[in-house]
Amino acid sequence: NDTMSRFMCHTKLGKDPVLSLDLSNSFSKGTGTPSLVAVAGCAGDADELSELSEADQGTISTIKIKLADKESTNVDGGMDSSLSNTTSSMRASVRTKSNTCSIESGGKIGVSVCRFRPDGRIFAVGGWDRRLRLFDRASSKPLAILHGHEDTVT
């Protein structure tokens, strides 16, 4: 009986390795169920990504991770021991995928760093293309692209 399996989840982001990952606390609207939002930055090969659909070309993934709902936690806030080990208390799903730069531009499309602002409302992504991008966490829409770095943003 592996109780740790209840605290794990996974989701597929693509075949390229994840190079950076950051997490921010969140709550599901309406239910108040605790959750996490993750931003993950992947390596990317322009030739391979150009063969994918536009929706799958992103090297930045925003992931929603739903934690245990209120019914599956006990009074002390821990996991309810009556949950079977086949019941997952965490679920992850990719909300959006975004590009660091257009594949047609010939730029380097990989991501070297992802970080949430301390309040969790904005995240920054540093790319191999020497740019820093700011995104709104709620919508994952780009807010700004900062130019001027002389090398990969780390």
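All values reported here derive from a predicted model rather than from experimental measurement. Residue numbering note: each chain is counted from 1, following its sequence as written. The model is predicted, so local features are restricted to residues of pLDDT at least 70 and side-chain atom pairs to those at 80 or more, both for listing and for counting; the totals for chains, interfaces and linings are taken over all residues. Working from all heavy atoms in the structure, the side-chain values ignore hydrogens and water.

A. Up close: the layout of surface pockets. Throughout, the protein atoms alone are placed on a 1 Å grid, and a set of points is a cavity if a 1.4 Å probe fits but cannot get out or a pocket if it is open with protein on both sides within 12 Å along at least five of seven lines; lining residues have an atom within 4 Å of a point. Grid points are joined across faces, edges and corners, and a volume is the space filled by probe spheres set on the points. Counted as a void, the largest pocket has a volume near 230 Å³. Around the largest pocket, the lining is made up of 15 residues, and of these L13, G14, K15, L52 and D56 lie nearest the centre. For the lining of the largest pocket, the elements supplying multiple residues, two or more each, are α1 (46-50) and β4 (91-98). Ten residues, namely Ala, Val, Leu, Ile, Met, Phe, Trp, Tyr, Cys and Pro, are considered nonpolar, four, namely Asp, Glu, Lys and Arg, are considered charged, and the remaining ones, Gly among them, are considered polar. For the lining of the largest pocket, the class distribution of residues is six nonpolar, three polar and six charged. What counts as a helix is a DSSP run of H or I of at least four residues, what counts as a strand is a run of E of at least two, and both are numbered from the N terminus.

B. Spotlight on the side chain of S61. Turning to its location among the elements, S61 is positioned in strand β3 (residues 60-66). Using a 1.4 Å probe on the protein chains alone, a residue whose accessible area is under 20% of its type maximum counts as buried, one over 50% counts as exposed, and one in between counts as partly exposed. By relative accessible area, which is 0% here, S61 ends up buried. Discounting residues that sit within four places of it in the chain, S61 has contacts with L13, A38, V39, A40, V94, T96 and K97. For this analysis, residues touch if any pair of their heavy atoms sits within 4.5 Å.

C. Expanded view of the sheet that holds β4. Reading across the sheet, the four strands line up as β1-β2-β3-β4 and stay open at both edges, with antiparallel pairing between neighbours. Looking at strand neighbours, the two that pair on one side only are β1 (18-27) and β4, the edges of this open sheet. Within this sheet the neighbouring strands show an average axis-to-axis angle of 20°, counted without direction. When DSSP locates at least two bridges between a pair of strands, those strands are taken to pair. What counts as an axis is a line fitted to C-alpha atoms, over the stretch in contact for a helix, and the angles between N-to-C directions run from 0 to 180 degrees.

D. Geometry of the nonpolar core. Each nonpolar core is a collection of buried residues, namely Ala, Val, Leu, Ile, Met, Phe, Trp, Tyr and Cys, held together in the definition by side-chain atoms within 4.5 Å. Judged by nonpolar contacts, V37, V39, I60, V111, C114, F116, F123, V125 and F135 together constitute the single largest core of nine residues. When residues of this core are traced back to their parent elements, those giving at least two are β2 (34-42), β5 (111-116) and β6 (122-127). Considering each element in turn, this core owes the most residues, three residues, to β5. In contact with V125, other than residues within four places in its own chain, are I60, V111, V113, C114, R131, L132, R133 and F135. With eight residues, the next largest nonpolar core counts L13, A40, I63 and I65 among its residues.

It is worth stressing that arrangement in space is one thing and function is another; only the former is reported here.
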